[in-house]
Amino acid sequence: MRKNFGSKPWCYPQPVFILAAYDENGVPNAMNVAWGGIHYDDQIAMCISANHKTTANILATKAFTVSMADASHLVACDYVGVASGNKIPDKFEKAGFTATKSEFVNAPIINELAMCLECKLISYDPESCNLIGEIVNVSADERVLDDNGKISVQLLSPITFDPVHNVYHVLGEKVGNAFKDGLALK
């Protein structure tokens, strides 16, 4: 038997993205975004409303970064989701974040978060709140690379948002091999 919940924005896993952009004075701002994902091979889509400071910054600079929130920075990552850059101008610093300018786009890389997508704005629709960016580079701190030089989900320790209970969970346990295990049924 199944229980019906009606129309809800529930999906598992729901990544916790930290979206960052510079304002007109080159000051970084960041926000927590749980509604987003890969849109195409080289694109990411997010649902963010027009009233966010970060949205205004992205529209002005035409660039942004998307970092993966991780377990060791959970408090800072949650803080940038509950504090408004429109009301707290030093929100980025209060979170304990520092930034390095991306080599590829006019946007800040959050030094404390180990994995980052560096993006150019493709489009933004204020009515649907749909933001689409072209991923021009993915960068990762060496501390999350495995022996083969690839990003390790265990070392990255990304968190996911549970929208049913309003909690975060950490990802990391390997349970199978993509595009391989299913071949047993062919």
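Every chain is numbered independently, its residues counted from 1 as its sequence is written. pLDDT decides what is reported in this predicted model: residues at 70 or higher carry local features, side-chain atom pairs at 80 or more are listed and counted, and totals for whole chains, interfaces and linings draw on all residues regardless. Values reported for side chains reflect all heavy atoms of the structure, with hydrogen atoms and water molecules removed beforehand.

Student: Got a minute to help me understand the sheet that holds strand β6 (residues 63–68) in this structure?
Tutor: Note on sheets: strands pair through backbone hydrogen bonds, and any given pair is parallel or antiparallel. Pairing is antiparallel across the open sheet formed by seven strands, whose spatial order is β3-β2-β6-β9-β10-β5-β4. Edge positions in the sheet fall to β3 (28–33) and β4 (36–40), since each has one partner strand and no second. Shown here is a sheet whose adjacent strand axes are inclined to one another by a mean of 35°, direction ignored. For strand β2 (residues 17–22) and β6, the ladder comprises four bridges, and the chain directions are antiparallel. Pairing of F17 across the sheet is with M68, part of β6. Residues count as neighbours in contact if any of their non-hydrogen atoms are within 4.5 Å of one another. To obtain each axis, a line is fitted to C-alpha atoms, and for helices this fit is confined to the stretch in contact; angles are then taken between N-to-C directions over 0 to 180 degrees. Every helix listed is a DSSP run of H or I at least four residues long, and every strand listed is a run of E at least two residues long, numbered separately from the N terminus. On the sheet, helix α2 (residues 74–82) packs against β2 and β3 and is oriented at approximately 95° with respect to β3. Strand pairing is defined by DSSP finding a minimum of two bridges between the two strands.

Student: Would you mind going over the sheet that holds strand β11 (residues 159–162) with me for this structure?
Tutor: Read across the open sheet, the three strands follow the order β1-β11-β12; overall the sheet is antiparallel. The open sheet has two edge strands with one neighbour each: β1 (14–15) and β12 (167–170). Here β1 pairs with β11 via two bridges, running antiparallel. Its bridge partner being in β11, Q14 is matched across the sheet by F161.

Student: Explanation requested: the packing of aromatic side chains in the structure shown.
Tutor: Where two aromatic rings form a pair, the distance of their centres and the angle of their planes describe that pair. Pairing of aromatic rings covers Phe, Tyr and the six-membered ring of Trp, with a centre-to-centre limit of 6.5 Å; geometry is then stacked below 30 degrees between planes, edge-to-face above 60, and tilted otherwise. Overall, the coordinates contain three aromatic pairs when judged by the stated rule. Measuring from ring centre to ring centre gives 6.2 Å for F161 and Y168, while their planes differ by 55°; the resulting arrangement is tilted. A 1.4 Å probe rolled over the protein chains alone gives each residue an accessible area, and that area as a share of the maximum for its type sets the label: buried under 20%, exposed over 50%, partly exposed in between. Y168 sits in the partly exposed class, given a relative accessible area of 25%.

Student: What exactly am I supposed to notice about the pattern of salt bridges here?
Tutor: When their charged atoms lie close together, side chains carrying opposite charge are able to pair. The salt bridge definition used is simple: a Lys or Arg side-chain nitrogen within 4 Å of an Asp or Glu carboxyl oxygen. Summed over the entire model, instances satisfying the criterion amount to one salt bridge. Of the charged contacts in the structure, one is a salt bridge between R143 and D141, with a shortest N-O distance of 3.0 Å.

Student: Where do I start with the nonpolar core in this structure?
Tutor: Side chains of nonpolar character tend, in soluble globular proteins, to be buried together. Nine residue types can take part in a nonpolar core, namely buried Ala, Val, Leu, Ile, Met, Phe, Trp, Tyr and Cys, and a core is a set of them joined through side-chain atoms within 4.5 Å. Membership of the largest hydrophobic core comes to 23 residues, with the highest contact counts inside it found for L19, I44, I48, F64, V66 and L131. For this core, the elements supplying multiple residues, two or more each, are β2, β3, β5 (43–47), β6, β9 (115–125) and β10 (130–140). Considering each element in turn, this core owes the most residues, five residues, to β9. V66 has contacts with F17, I18, L19, I44, M46, M115, C116, L117 and C119, leaving out every residue within four places of it along the chain. Counting 16 residues, the second-largest nonpolar core is a separate cluster that includes I18, F92, I110 and L113.

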